[in-house]
Amino acid sequence: MPSMPKTLFWSRTDVPGADHTLATDHRGLTARGTALAVDPIAFTCRYELRTDEHWAAEGLEVSCEGAGWLRTLRLERAAGRWRASTAEQGDLDAALAAAGQPGAGLPGTEEPERLAEAVDVDLSASPLFNTLPVRRLRLREATPGSSHRIVAVWVLVPSLQVVPAEQTYTVLEGGNVRFTSEGFTADLTLDADGYVLHYPGLAHRH
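About the criteria used
- Residues numbered from 1 in each chain as written.
- Predicted model: local features only at pLDDT ≥ 70, side-chain atom pairs only at ≥ 80, totals over all residues.
- Heavy atoms only, no water.
- Core = buried A, V, L, I, M, F, W, Y, C linked by side-chain atoms within 4.5 Å.
- Buried < 20%, exposed > 50% of the residue type's maximum accessible area, 1.4 Å probe, protein only.
- Contact = heavy atoms within 4.5 Å.
- Helix = DSSP H or I, 4+ residues; strand = E, 2+ residues; numbered from the N terminus.
- Polar contact = N/O pair within 3.5 Å; in protein donor to acceptor, adjacent residues only side chain to side chain.

A. Main features of the nonpolar core. Leu29, Leu60, Val121 and Leu128 are the most contacted members of the largest nonpolar core, which has 52 residues in total. When neighbours within four sequence positions are excluded, Leu60 is seen to be in contact with Tyr47, Glu48, Leu49, Leu73, Arg74, Leu75, Val121, Phe129 and Val155.

Below, the structure is given as structure tokens:
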């Protein structure tokens, strides 16, 4: 009998919003989820993620939708290379401008070669994605104080722009980790399986 997927539900603590994921992780990770937020404008983000058995990302499909616009992104990694394909309906920049927000830029990336070093993906403001390097690098069992620098494929929402992001994970006592990227730092509380329980300033899991 197949095992039931895990259900993971986070409430955003920075803005009104939530993130609900169904995850199957007996051989790597397969997950699909829905995130909602009101910043910079109200949107719904749906994603499907898959990794190999070692928790290295293989593919991510994301759609972000709001009033009068829809963007989609498909990322795939094969033979050490990332490919990104996108589609857009409506005008996200017009919706942002109407709300007094700056433009979002184009979805995807015009320089996929800049992503060559990355084996992790990180969907902006979604706590699920911190689990990929935690499990891939076995940080729950690592010595406190040890540190790992990675490059992640960072997907910004709601624009779905894709950029490389340098990130550092430092092991803390109790199997928790300190996450640092682009001048931002947060101490993440993890459960026994490496999923985020509390992300200060971003989200809390129920």
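B. Highlighting the side chain of Asp191. Within the secondary structure, Asp191 is located in the loop between β12 (184-190) and β13 (196-199). Look at Asp191 and you get buried, because its relative accessible area is 14%. Among the polar contacts listed, one links the side chain of Asp191 to the side chain of Arg205, at a separation of 3.0 Å. Beyond its immediate sequence surroundings of up to four residues, Asp191 is in contact with Arg140, Leu197 and Arg205.

C. Main features of the environment of Ile150. Mapped onto the elements of the fold, Ile150 is located in strand β9 (residues 147-155). Note on Ile150: relative accessible area 6%, which makes it buried. Along the chain, Ile150 and Ala118 lie 32 residues apart, while their C-alpha atoms are 7.3 Å from each other. Once residues within four sequence positions are removed from consideration, Ile150 is found in contact with Asp120, Pro133, Arg136, Leu137, Ala165, Glu166, Gln167 and Tyr169.

D. Examining the environment of Gly17 more closely. Considering the arrangement of structural elements, one finds Gly17 in strand β2 (residues 17-24). Sequence separation between Gly17 and Phe43 is 26 residues, and the spatial gap between their C-alpha atoms is 9.6 Å. Excluding its chain neighbours within four sequence positions, the residues that come into contact with Gly17 are Ser11, Arg12, Leu36 and Ala37.

Nothing here speaks to function; it is all geometry.
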